[in-house]
Structures are given as C-alpha cells and as structure tokens.
Amino acid sequence: MKQENAVPVAAMYIDGRFVPAQSGETFESVNPVNGELVALIPFGDERDARSAVDAAAAAFPTWSRLSAAARAKYIHRVADVLERRRGEIASVVTTEEGKPLHEAQGELQLSIDSLRWYAEEARRAYGSWIPDPVPSRRLLTQRQPVGVCGAIIPWNVPCAMIFRKAAPALAAGCTMVLKPAEATSYVSLKVAEVFAEADFPAGVMNFVTGKSSAIGSVFLTDARVRKISFTGSTEVGRLLLRGAADQIKRVSMELGGNAPVIIFDDCDLTATIQAVSALKFLNAGQACIGANRIYVQAGIYDEVSRRLSDHARQVKVGDGSQPGVAMGPLVDMRAVEKVEALVGDAVRKGAVVRAGGSRMQGEAYEKGSFYAPTVLSEVPLAARLHDEEIFGPVAALYSFDTEVQAVEMANNVPYGLSAYIFTENIDRAFRVGERLETGMVGINEIRVGAAEAPFGGVKMSGIGREGGREGLEEYLETKLLAIRVREQI
Ligand code: NAD
C-alpha cells in the first residue's frame, strides 16, 4: 500500500498480488462521522474482475484437491493473523462504517469464529454408502466443492460478512472472488492483507473493488464462476437471480429483512425493554435482523412506549471510536434522507414522535450523517415504514390484542428473515415461534447469529443459509459414484 498525503492508497488483491485497477482510477472512501477521507480505493471494472476469475479458476484444481485437513491449516493461519490484527481492523471498521468499536470488535470475533469453525467442519463433509437394490452395483456419494465462487457483500457488516462466505467456501475447497460494497472497501482490502500475511496460496482468495455492475456482470456471464453468494438488498438480489438464470448458476441470497418484534404483556418488561432497545439501535438500526415493526400487547403499550423512549434518549450518539459511544452515524447522507422520508411519511399519517425524530443537532454532529435514536408510537399500518426496511434508528410501535392478531400482523409482509418474541409463557413461545414465517426466531433473545448456527431468511429475505452445517452445504455438490461389482469370487 502506498501513502499519498497521508491518505492510504489501497490496492486490490488478485492472484496473491496487490494491484491497482487496470484503468488506474480510484474512488474515495470516507468516514461517516466527519466526511474525512479514509483511503483511496481502486475503481476496478470488468477487466479486473476477469483477471481475478482467471486467478481463482487457475487456483481451483490444486486447492480443491488438497485434503480438508491441509486446507484447515491454511485457514487457521488466516485466523491467527486476524487475531493478531483484530484491534487494528476493528478500528478500520469503525472508521469506515461508523459502528461503535465494541460492535466492530464483535464482528472480528465472529470472523475468527467462522474461520476456525469451518476449518474443522469441512473435515466432516462426509459422503454416504447407499443400500443398493441391484446386487452387482455399489452406490457411493462424495462431497465436492462447487468451484469458483463470486461473492458480493454489503457495507453494514463489512468484515464478518467476508468470512461468513469465505470461511465455508474455502474450507469446502472452492476458490473465491469477493466484491465489497463501495462504502467499506477499505476494510476488505485490509482483510486481503491478512490473507497475504498468512501466506495463503495465490489465487484462492481474491478481492476486487470498484464498479459493482461491471464486476457483477463478470460473475454472471463468466461460465467459470459456478456460484454467486450475495448479501444485500432484495432489489439487487432479484437482479442477480435473474442474471444467474442464464447459466443456471448456484446462488445463495441473504436479502433484506423487516423483522417483527412481538412483546406480550406477560414478558419480563425490564429485560425486554433493554433487549429491544439494544436490537433497535444496533449499528444505528442498519442491521438486516434489526427491529423493524414492534408489536406491543395493548395492556402494556403505553408503558413500553414510555420506557423505550426513555432508553432512546439516553443512547450516547457520536464517534464510535470514542469510549462510551453506543451509536454512531448512518453510513451516509442518503441513508439519513431515507430515514427522514420514512419518519415524515409516518408522522403525516398519524404517528406520534416520542423520542428523537430528527437529525442530531449540535457541532459534534454537523459533519457526519447522524440521526437521533427515535421512537414513534401510534404508527398506522399504512405507514411506509411498516412495509419497508427502515435501516435506521427508528423504533415504530404498533398495538395488538390477541396472539392470533400478532402472528397475522407479523407474517403480513413479503419478508421473513428474523423475528422476536418476548413472553414468559413457554407454550406461547413455541406456539407463536413455530407460526412465524421467518428463518430465525429469537425468544427473549436478540442474538440469533453464531458461526455454528444457520442464519438466513425465507420469502423475499433470501435463499440458503450462512453459518452452521447448512452454510457448508452451500459450497458443496454431491457426486454419485455407481460402481459395477462382479458377483463371482
Ligand atoms: P445493496 O443491495 O445496495 O448492495 C449490496 C452489494 O451489492 C454491494 O456490494 C453493492 O455494491 C452490490 N451491488 C449493487 N448493485 C449491483 C449490481 N447491479 N451488480 C452487482 N452488485 C451490485 O445493499 P446495501 O445497501 O449495501 O446493504 C443493505 C441491505 O443488505 C439491506 O437490505 C439489508 O437487509 C441487507 N442485508 C442482509 C443480510 C442478510 O443476512 N440477510 C445481512 C446484511 C445486510
């Protein structure tokens, strides 16, 4: 990496080498706290994506034929370097994405966990011996890597998202070209340094930054790319699915969420308020599993509204690199404008602002994309933010009377990533949890992710799972071997 006027000039990582874009162009990555330049990032296009696919295709035969145990050694080495550099990379996550340092450190931990867990799990990618109806034949299955994978990730989890995809893919024997979001490309290129430092074999893991549609179109049209793993909005996911249809590529789609939170009147109210507040303001509301629609049983509605608003007013907002800051800025001003528009629409339709409801005021916030932690009550179901993903720090409260009504309201959107129930009644927890149309349900619990557990959605929230055994399956094919055996000895 070169330094120009103290601003780092980052490089892409292709075939084990750090290279600029073939066009020579760069774009700016900025800190959302103050608009300061973080780094200059190569503005790659089709040519760079193509040479990364060349490298990944060339590396595939050797990498895929290594034993799973040998691949595991390389992957553990990446985890070792990441552990050593976790503080430095967490601080780049905070600087480029805006989340508080403790959240960034959580991302680093999930990254390391994913590497270590998949390094070992791929050693258990067993095939099977199938009882055969034909005496002179034996049927065996073998698990094989899918091939070269193209990965596209969003900006809101810029480090862990790399490893949620790369760890299972590499452990399975696939090679990968990864394209980060523009806003957080620098994090990816720092992670590329980790692969280089770990002496990872050239071409197995490649990072290309720049023009998303150009890089995406290489993933879609180059027949050597056998799989696309995408995390991002449903809109872009749909576009990629259409494109992937031409060559019948395998896909994993981790798309938008619109999570319902159902608070029953028999919940532990203090613990619930704390949990819902933490979930809502996590990453300034920019989380796919974030609380989008908060349904509160009528008897405790006013109290929940009051206590959640008190919490919201106490959230310390600021530069996430500073101690005690619980919530940083939104990723950019466009995100602030979108949240403003959604809140404006809800208020025009009758919602009442109980806390926040505007950009943060004051000198400390002038140069950044800050929006205040907000609570809206009496939100009408017709408000846009009921049906759309808010992706901002706005808690929208709705009221319900019965369990049946809550389930109907929760399921009445086309998304189905995560849902949350707060109740002390175990029967109700199962009854409602089993009826919610989502890939994940938190019951008195907001943490639904772990390296060991399958994460993903149903309906328009996606196809496939990341994490757990299911996450490895996404990168494996099953091959049948049918073998003729002569009966006579
Ligand atoms: P986005 O869809 O705008 O962008 C995601 C990625 O796609 C970025 O890298 C972007 O550059 C790239 N991209 C955009 N247009 C493209 C194209 N034409 N071809 C190829 N690539 C293209 O989403 P975002 O704003 O970065 O992220 C927020 C979204 O991600 C939210 O909807 C959120 O719910 C979702 N998300 C989902 C999960 C999950 O696990 N389900 C996790 C995190 C975020």
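Reading the values: the criteria
Numbering of residues starts from 1 in every chain and runs along the sequence as written. Thresholds applied to this predicted model are a pLDDT of at least 70 for local features of residues and 80 or more for the giving and counting of side-chain atom pairs; totals over whole chains, interfaces and linings are not thresholded and use all residues. Based on all heavy atoms of the structure, the side-chain values leave hydrogens and waters out of the count. Where each domain starts and ends follows an automatic or database-derived domain assignment. We define buried area as the total accessible area lost by two parts upon association, computed with a 1.4 Å probe and summed across both. For this document, the term salt bridge refers to a Lys or Arg side-chain nitrogen within 4 Å of an Asp or Glu carboxyl oxygen. Whenever a nitrogen or oxygen atom comes within 3.5 Å of another N or O atom, the pair is scored as a polar contact, on the condition that within protein one atom can donate a hydrogen and the other can accept it, and that pairs from neighbouring residues in sequence are kept only if both atoms are in side chains. Starting at the N terminus, helices and strands are each numbered in turn, a helix being any DSSP run of H or I of at least four residues and a strand any DSSP run of E of at least two. In this classification, Asp, Glu, Lys and Arg are treated as charged, Ala, Val, Leu, Ile, Met, Phe, Trp, Tyr, Cys and Pro as nonpolar, and every other residue, Gly included, as polar. Throughout this description, the term nonpolar core refers to a set of buried Ala, Val, Leu, Ile, Met, Phe, Trp, Tyr and Cys residues connected via side-chain atoms within 4.5 Å. For each residue, the accessible area found with a 1.4 Å probe, counting protein chains only, is set against the maximum for its type, and the residue is called buried under 20%, exposed over 50%, and partly exposed in between. Contacts are assigned to residue pairs that have any heavy atoms within 4.5 Å of one another. Between rings of Phe, Tyr and Trp, where Trp is taken as its six-membered ring, a pair exists when centres lie within 6.5 Å; planes separated by under 30 degrees are stacked, by over 60 edge-to-face, and by other angles tilted. For two strands to count as paired, DSSP must find a minimum of two bridges between them. Here an angle of 0 to 180 degrees is reported between the N-to-C directions of two axes, which are lines fitted to C-alpha atoms, with helices fitted over the stretch in contact. Being near a molecule or strand, for a residue, comes down to having at least one heavy atom within 4 Å of it. Accessible areas in this description were obtained via Shrake-Rupley with a 1.4 Å probe; residue shielding takes into account the shown protein chains only.

Looking at the domain arrangement of the chain
Point 1. Taken domain by domain, the chain holds domain 1 (2-255 + 462-479) and domain 2 (259-451).
Point 2. Its C-alpha centre places domain 1 at a distance of 31 Å from the equivalent point of domain 2.
Point 3. For the pair domain 1 and domain 2, the summed buried surface comes to about 1,800 Å²; carbon and sulfur atoms form 57% of the total.
Point 4. Summed over the three residues of domain 1 that lose the most area to domain 2, namely Pro-32, Val-33 and Trp-155, the buried surface amounts to 28% of that side.
Point 5. Viewed at the interface, domain 2 and domain 1 are joined by zero salt bridges.
Point 6. Taken together, the links from domain 1 to domain 2 amount to nine residue pairs in polar contact (both at pLDDT 80 or more).
Point 7. The element best represented in the side of domain 1 that touches domain 2 is helix H4 (residues 101-121), accounting for eight residues.
Point 8. Within the side of domain 1 that touches domain 2, the residues separate by chemical class into 10 nonpolar, 10 polar and six charged.

Concerning the nonpolar core
Point 1. Core analysis: the biggest nonpolar cluster contains 73 residues, and Val-261, Ile-262, Ile-263, Ile-294, Leu-385, Tyr-420 and Phe-422 have the highest contact counts within it.
Point 2. Not counting residues within four places of it along the chain, the set of residues in contact with Ile-294 comprises Val-261, Ile-263, Val-276, Leu-308, Ala-395, Ala-396, Leu-397 and Tyr-398.
Point 3. Val-81, Ala-119, Ala-167 and Leu-476 belong to the second-largest nonpolar core, a separate cluster that totals 57 residues.

Observations concerning the packing of aromatic side chains
Point 1. The final tally for this structure, using the stated rule, is 13 aromatic pairs.
Point 2. Residues Tyr-365 and Phe-370 carry aromatic rings whose centres are separated by 5.0 Å and whose planes lie at 70° to one another, so their mutual orientation is edge-to-face.

Details of the sheet that holds strand S7 (residues 128-130)
Point 1. One open sheet holds the three strands; their spatial order is S7-S8-S24, and the pairing between them is antiparallel. Pairing within the sheet leaves two strands with one partner each, and these edge strands are S7 and strand S24 (476-484). Averaged over all adjacent pairs, the angle separating strand axes in this sheet is 25°, with direction ignored.
Point 2. By the bridge criterion, three bridges tie S7 to strand S8 (residues 137-145) in an arrangement that is antiparallel. Bridged to Ile-130 within S8 is Leu-139.

Here's the deal with the site of the ligand
Point 1. Near the ligand you find 28 residues, and of these Ile-153, Glu-182, Ser-233, Leu-255 and Glu-389 are the closest.
Point 2. Within the backbone of Ile-153, a nitrogen or oxygen atom sits 2.7 Å from an oxygen atom of the ligand.
Point 3. Between an oxygen atom of the ligand and a side-chain N or O atom of Lys-179, the distance comes to 2.9 Å.
Point 4. Protein contact buries 87% of the 850 Å² of open area that the ligand shows by itself.
Point 5. Those elements giving two or more residues to the shell around the ligand turn out to be helix H7 (212-221), strand S12 (225-231) and helix H8 (234-245).
Point 6. Broken down by element, the residue count for the shell around the ligand peaks at three residues, all from H7.
Point 7. When grouped by side-chain class, the residues that make up the shell around the ligand number 15 nonpolar, nine polar and four charged.

Remarks on the pattern of salt bridges
Point 1. Evaluated as defined, the whole model comprises 32 salt bridges.
Point 2. Between Arg-85 and Glu-197 there is a salt bridge whose closest N-O contact spans 2.9 Å. On the criterion of sequence distance, the pair formed by Arg-85 in the loop between helix H2 (68-84) and helix H3 (86-97) and Glu-197 in helix H6 (residues 185-197) is long-range, its members being 112 residues apart.
Point 3. For Arg-85, a relative accessible area of 12% gives the class buried.
Point 4. With a relative accessible area of 39%, Glu-197 lands in the partly exposed category.
Point 5. With a shortest N-O distance of 3.3 Å, Glu-121 and Arg-124 are connected by a salt bridge.
Point 6. A relative accessible area of 41% means that Arg-124 is categorised as partly exposed.
Point 7. Each of Arg-84, Arg-85, Glu-88, Lys-190, Glu-193 and Glu-197 takes part in salt bridges that share partners, so that together they form one network.

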